[in-house]
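Commentary on secondary and tertiary structure
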Amino acid sequence: KYVIGDPAEDKAHGGQYCAKAIYNTGTNSDWGCGFACGSSYAAGFLDASGRQYITFWANVPEGVTFYCFVNESAANGADGEFYNGPSLTGSGKWVEYSVPFDELFKNVYSGSQMGNNQFDPSGVGVVGFQIGGNQGKDKFLVDDIWFK
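Residues numbered from 1 in each chain as written. Predicted model: local features only at pLDDT ≥ 70, side-chain atom pairs only at ≥ 80, totals over all residues. Heavy atoms only, no water.

Here's the deal with the environment of Asp144
Secondary-structure assignment places Asp144 in strand S11 (residues 137-147). A relative accessible area of 25% places Asp144 in the partly exposed class. In sequence terms Asp144 and Ala58 are 86 residues apart; their C-alpha atoms lie 8.7 Å from each other. For Asp144, the side chain forms a polar contact with the side chain of His13, separated by 2.7 Å. (Helix = DSSP H or I, 4+ residues; strand = E, 2+ residues; numbered from the N terminus. Buried < 20%, exposed > 50% of the residue type's maximum accessible area, 1.4 Å probe, protein only. Polar contact = N/O pair within 3.5 Å; in protein donor to acceptor, adjacent residues only side chain to side chain.)

Focus: the pairing of strand S5 (residues 65-72)
With six of its eight residues buried, S5 lies for the most part within the structure. Pairing of S5 with strand S7 (residues 88-89), which is carried by two bridges, proceeds in the antiparallel orientation. Following the sheet pairing, Phe66 is matched in S7 by Leu88. Note: S5 against strand S10 (residues 124-131), seven bridges, orientation antiparallel. Bridging across to S10, Cys68 finds its partner in Phe129. (Pairing = 2+ DSSP bridges.)

Here we look at the side chain of Lys106
Mapping Lys106 onto the fold places it in strand S9 (residues 105-111). Here the side chain of Lys106 touches Asn117 through a polar contact of 2.7 Å, side chain to side chain. Each residue touching Lys106, except ones within four places of it in the same chain, is listed here: Glu81, Phe82, Tyr83, Ser112, Gln113 and Asn117. (Contact = heavy atoms within 4.5 Å.)

Here we look at the side chain of Ser73
Residue placement: Ser73 occurs in the loop between S5 and strand S6 (81-84). Exposure remark for Ser73: the relative accessible area of 12% places this residue in the buried category. Once residues lying within four places of it in the same chain are set aside, the contact partners of Ser73 are Gly44, Phe45, Ala78, Asp79, Gly80, Gly123, Val124 and Gly125.

Describing the pairing of S10
Of all the eight residues making up S10, seven are buried; the element is thus mostly covered by neighbouring parts of the structure. When strand S3 (residues 33-38) meets S10, the two strands line up antiparallel, connected through six bridges. Looking across to S10, one finds that Phe35 is bridged to Phe129.

Structural data, given as structure tokens:
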């Protein structure tokens, strides 16, 4: 379940609201669960040209492993490839995470497999997060996602 956090129980990092994913990663360690947000711009993509990394604040239970992913759209020169970031670990409090674009690696199971094999920030369609399997039930809070 991916919702806007309730300010009475989900203290945002900045401002009054944050995004909240209520998750159950199940008992299988293969997949876990993921959630994403797409571009709200009318064109369906965000042009992050000239940026070097994605940064976000997340409050993830201590020890829970996850990664961020950035999916290209098939617009503005991007060719629809999907890219995953390195494994990250929650601390149980708000932490700023930064993932340089050069640490993103192509997802060989999803997205276009016929692209140029290079992350193209000119056509970002989706930013999301994947929590590894067999890590229980809890909530994942995320706030202030930026391309810098």
